[in-house]
Amino acid sequence: IDLSDIDLSDVAFWERPMTERESAFAVLRAQPHPIRFPEPEISFAPAGPGYYALVRHADIIEASRNPEVFCSGRSSTSIHDLPVEFNEYFGSMINMDDPRHARLRRIVSRAFTPKMIKQFEDDVQSEATRIVDDLIAEGPGCDFVTEVAAKLPLKIICDMMGIPEEHYQTVFEASNVILSGGDPEFIDDVSRAAELLLGAGQRLQDLVVSLADAGGDNLITSLTSANIDGEKLTMQELGSFFILLVVAGNETTRNAISHGLHLFTENPDQRALLAEDFDGRIAGAVEEIVRLASPVAWMRRTVTRDHEMNGTLYREGDKVLLYYWAANRDEAVFTDPHRFDILRTEGPHVGFGGPGPHFCLGAHLARREITVMFRELFTRLPQIRSAGEPDRLRSSFINGIKHLACEF
Ligand code: HEM
């Protein structure tokens with residue numbers, strides 16, 4: 001593959017076979033400077049001047065450590081500067097900079113410490129047990145994504161938020177639309193993409209308003225009672241915070257679990273290594289799944305002032321995409337980077353983001369969910385394996401699996 005054959009902004013790139021994508025990123029990492037790509041055309045926002053693709057581990061670590069220059073405030077989740085009406089639902093802390101970002105993050109961060117996650121352990125365990133009970137009752141095969149991987153994170157984030165079961169489907173469908181990146185299964189008509197996205201945002205916002213009235217001891221009431229600089233969160237802030245948490249807490253972990261089963265199926269030697277010492281090796285296995293899956297393929301930053309980093313000059317206003325997916329395969333850091341190796345010690349990987357203020361708030365929770373799910377699956381269904389190729393999400397942003405047949 002040569003450089004002229006690579007266009008990261010074309011969603012078709014992400015449908016090329018994995019080996020081609022891996023070679024393409026190796027070509028990009030070998031360039032003396034990051035390459036600038038055009039912004040993909042979307043119907044509801046003008047294309048800007050393009051963006052730099054940061055693909056080396058060292059660049060991504062460095063940019064993450066320097067949020068004053070590489071800021072999130074002009075959007076971190078969209079290449080385009082979106083029209084203002086999107087702020088109503090998506091203007092959350094992930095698209096903000098400190099000090100406001102830090103103030104908002106503090107409101108919820110206590111709920112995500114290892115100590116608090118421990119309190120949710122029973123909940124994670126009982127849901128994983130129930131999922132596997134259902135599988136055994138219905139066997140001997142299923143769509144692993146909908147019957148297993150999607151269920152655990154959805155249930156846990158909904159419990160944390162105090163969302164009753166009757167609303168799970170709304171949360172599931174709305175997060176699919178928001179993170180689908182234009183997959184026709186979720187956004188069937190691109191000319192209506194803005195309408196569908198805003199509609200999904202509105203449904204979640206209506207839900208949080210009704211739940212806030214219901215009270216209780218949960219993350220929503222922590223949000224509604226929080227004070228920032230003596231002020232309560234506005235309805236817009238509450239809604240977009242809620243949307244961030246339910247969307248981020250849902251699909252990413254689902255994709256990690258699905259990729260995990262597929263990786264273990266394709267690498268029986270690694271599965272055998274895990275089985276020899278599950279408790280001693282599962283933590284490393286979870287990190288290795290997140291590294292190779294990189295469920296969040298990239299996040300965006302915008303350059304706040306002219307700045308040189310690792311020999312490249314960035315100009316104020318430049319957009320850069322931090323390709324976590326590519327940094328996680330950087331041969332300068334990871335030996336034999338495409339190999340699934342649960343005993344790997346190099347790193348750190350950047351699957352949960354780089355070392356900076358936006359590092360994934362839910363990392364402890366996600367690790368716990370993945371651990372418990374695989375313990376339950378591999379102990380009670382030692383034969384479980386994926387069957388055939390995953391049906392992948394058509395997205396350049398989320399490395400998602402929509403469906404994955406499995407047998408046990
Ligand atoms: C941020 C990945 C699970 C909540 C992030 C970021 C990444 C990421 C890459 C960094 C954003 C940036 O650089 O701008 C993942 C992956 C997960 C996962 C791969 C699963 C394997 C979760 C879960 C939650 C969560 C379970 C729970 C609610 C968040 C939030 C942020 C975030 C709220 C924004 C933090 C901030 O802006 O300060 N995640 N995540 N994530 N994640 Fe996760």
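Thresholds, definitions, all that
Residues numbered from 1 in each chain as written. Predicted model: local features only at pLDDT ≥ 70, side-chain atom pairs only at ≥ 80, totals over all residues. Heavy atoms only, no water. Helix = DSSP H or I, 4+ residues; strand = E, 2+ residues; numbered from the N terminus. Rg over C-alpha atoms; globule rule 2.2 N^0.38 Å. Buried < 20%, exposed > 50% of the residue type's maximum accessible area, 1.4 Å probe, protein only. Contact = heavy atoms within 4.5 Å. Areas by Shrake-Rupley, 256 points an atom, 1.4 Å probe, with all protein chains shown as cover. Lys, Arg positive; Asp, Glu negative; His and termini not counted. Charge placed at Lys NZ, Arg CZ, Asp CG, Glu CD. Near = heavy atom within 4 Å. Polar contact = N/O pair within 3.5 Å; in protein donor to acceptor, adjacent residues only side chain to side chain. Nonpolar A, V, L, I, M, F, W, Y, C, P; charged D, E, K, R; others polar. Donors = N, O, S within 2.8 Å, 3.2 Å for Na, K, Ca; no water. Core = buried A, V, L, I, M, F, W, Y, C linked by side-chain atoms within 4.5 Å. Phe/Tyr/Trp six-rings, centres within 6.5 Å; stacked < 30°, edge-to-face > 60°. Bend = angle between axes of the 7 residues up to and from the residue. Pairing = 2+ DSSP bridges. Salt bridge = Lys/Arg side-chain N within 4 Å of Asp/Glu carboxyl O.

**With respect to the overall build of the protein chain**
Move 1: Assigned secondary structure in the protein chain consists of 17 helices and 14 strands.
Move 2: Relative to a compact globule of 408 residues, whose C-alpha radius of gyration would be 22 Å, the protein chain shows 21 Å and is just as compact.
Move 3: With the C-alpha coordinates aligned to their principal axes, the bounding extent of the protein chain is approximately 60 × 55 × 40 Å.
Move 4: Within the protein chain, the fraction of its 408 residues that count as buried is 55%.
Move 5: Nonlocal contacts in the protein chain, meaning residues at least 24 apart in sequence, comprise 73% of its contacts between residues at least 6 apart.
Move 6: Working note: accessible area of the protein chain is about 17000 Å², and carbon and sulfur atoms make up 51% of it.
Move 7: Charged side chains in the protein chain number 40 positive and 63 negative. The centres of these two groups are separated by 4 Å.

**Some remarks on helix α2 (residues 57-65)**
One turn of an α-helix holds 3.6 residues; hence residues three or four places apart share an orientation.
Move 1: Along α2, the residues classified as buried are H57, D59, I60, I61, A63 and S64.
Move 2: Buried residues in α2 make contact with β2 (51-54), β3 (70-71), β8 (307-309), β10 (319-322) and α16 (324-327).

**Some thoughts on the site of the ligand**
Move 1: The ligand sits among 27 residues. The nearest are H101, R105, Y324, H358 and C360.
Move 2: Here an oxygen atom of the ligand and a side-chain polar atom of R105 are 2.7 Å apart.
Move 3: Taking Y324, its side chain carries an N or O atom lying 2.6 Å from an oxygen atom of the ligand.
Move 4: Of the residues in the shell around the ligand, the class split is 17 nonpolar, eight polar and two charged.

**With respect to the coordination of the iron atom of the ligand**
Move 1: Inspection of the coordination sphere of the iron atom of the ligand shows a single protein donor, C360 (SG), at 2.3 Å.
Move 2: When you line up the elements, C360 lands in the loop between α16 and α17 (363-380).

**Examining the nonpolar core**
Move 1: Counting 133 residues, the largest nonpolar core has L8, F25, F112, F144, Y323, F374 and L377 as its most contacted members.
Move 2: Discounting chain neighbours no more than four positions away, the residues touching F25 are L8, F13, W14, V55, Y323, W325 and A326.

**Regarding the packing of aromatic side chains**
Move 1: Overall, the coordinates contain 19 aromatic pairs when judged by the stated rule.
Move 2: Their ring planes at 85 degrees and their centres at 6.1 Å tell us that W14 and W325 sit as a pair that is edge-to-face. Remark: W325 occurs in helix α16 and W14 occurs in the segment before α1 (18-29); sequence separation between them is 311 residues.
Move 3: Taking relative accessible area as the criterion, W14 reaches 7% and is therefore assigned buried.
Move 4: Residue class for W325 comes out buried when judged on its relative accessible area of 0%.

**Here we look at the environment of P140**
Move 1: By the secondary structure assignment, P140 is in the loop between α6 (121-138) and β4 (141-143).
Move 2: Here P140 falls in the exposed class, since its relative accessible area comes to 60%.
Move 3: The sequence separation of P140 and F374 amounts to 234 residues, and the corresponding C-alpha distance is 18 Å.
Move 4: Not counting chain neighbours up to four residues away, the residues in contact with P140 comprise C406, E407 and F408.

**Considering helix α15 (residues 278-293)**
Move 1: Of all the bends in α15, the largest measures some 25 degrees and sits at G284.
Move 2: If you check which residues of α15 are buried, you get F278, I282, A285, V286, E288, I289, V290, R291, L292 and A293.
Move 3: At its buried positions, α15 is contacted by α13 (251-266), α14 (268-276), α16 and α17.
Move 4: Looking at the residues trailing α15, positive phi occurs at S294, about 35 degrees.

**Side note on the sheet that holds strand β1 (residues 35-37)**
Move 1: Taken in spatial order, the five strands of this open sheet run β1-β2-β10-β7-β3, and their pairing is mixed. Because the sheet does not close on itself, it has two edges, and the strands there are β1 and β3.
Move 2: When β1 meets β2, the two strands line up antiparallel, connected through three bridges. Bridge assignment links I35 to a residue of β2, and that residue is A53.

**Some words on the pairing of strand β7 (residues 299-303)**
Move 1: Most of β7 is tucked away, with five of its five residues classed as buried.
Move 2: Covered by surrounding structure in β7 are M299, R301 and V303 together with R300 and T302, the residues of both alternating faces.
Move 3: Note: β3 against β7, two bridges, orientation antiparallel. Looking across to β7, one finds that F70 is bridged to V303.
Move 4: Where β7 and β10 come together, four bridges link them in antiparallel fashion. Among the inter-strand pairings, R300 is bridged to a residue of β10, identified as L321.

**Let's talk about unusual backbone geometry**
Move 1: The omega torsion of the bond from D98 to P99 falls at 10 degrees, within 30 degrees of zero and hence cis.
Move 2: Between G139 and P140 the backbone carries a cis peptide bond, its omega angle lying at 5 degrees.
Move 3: Not every positive phi belongs to a glycine, and S75 is a case in point at roughly 95 degrees.
Move 4: On the secondary structure map, S75 appears in the loop between β3 and α3 (87-90).

**Observations regarding the pattern of salt bridges**
Move 1: Scanning all chains against the criterion turns up 30 salt bridges.
Move 2: K402 is the partner of D183 in a salt bridge, and the nearest nitrogen-oxygen pair spans 3.0 Å. With D183 in the loop between α9 (168-179) and α10 (193-214) and K402 in strand β13 (residues 401-403), this residue pair connects regions lying 219 residues apart in the sequence. One exposure class covers both D183 and K402, and it is buried.
Move 3: In this structure, a network of salt bridges that share partners links the residues E39, D81, R300 and K319.

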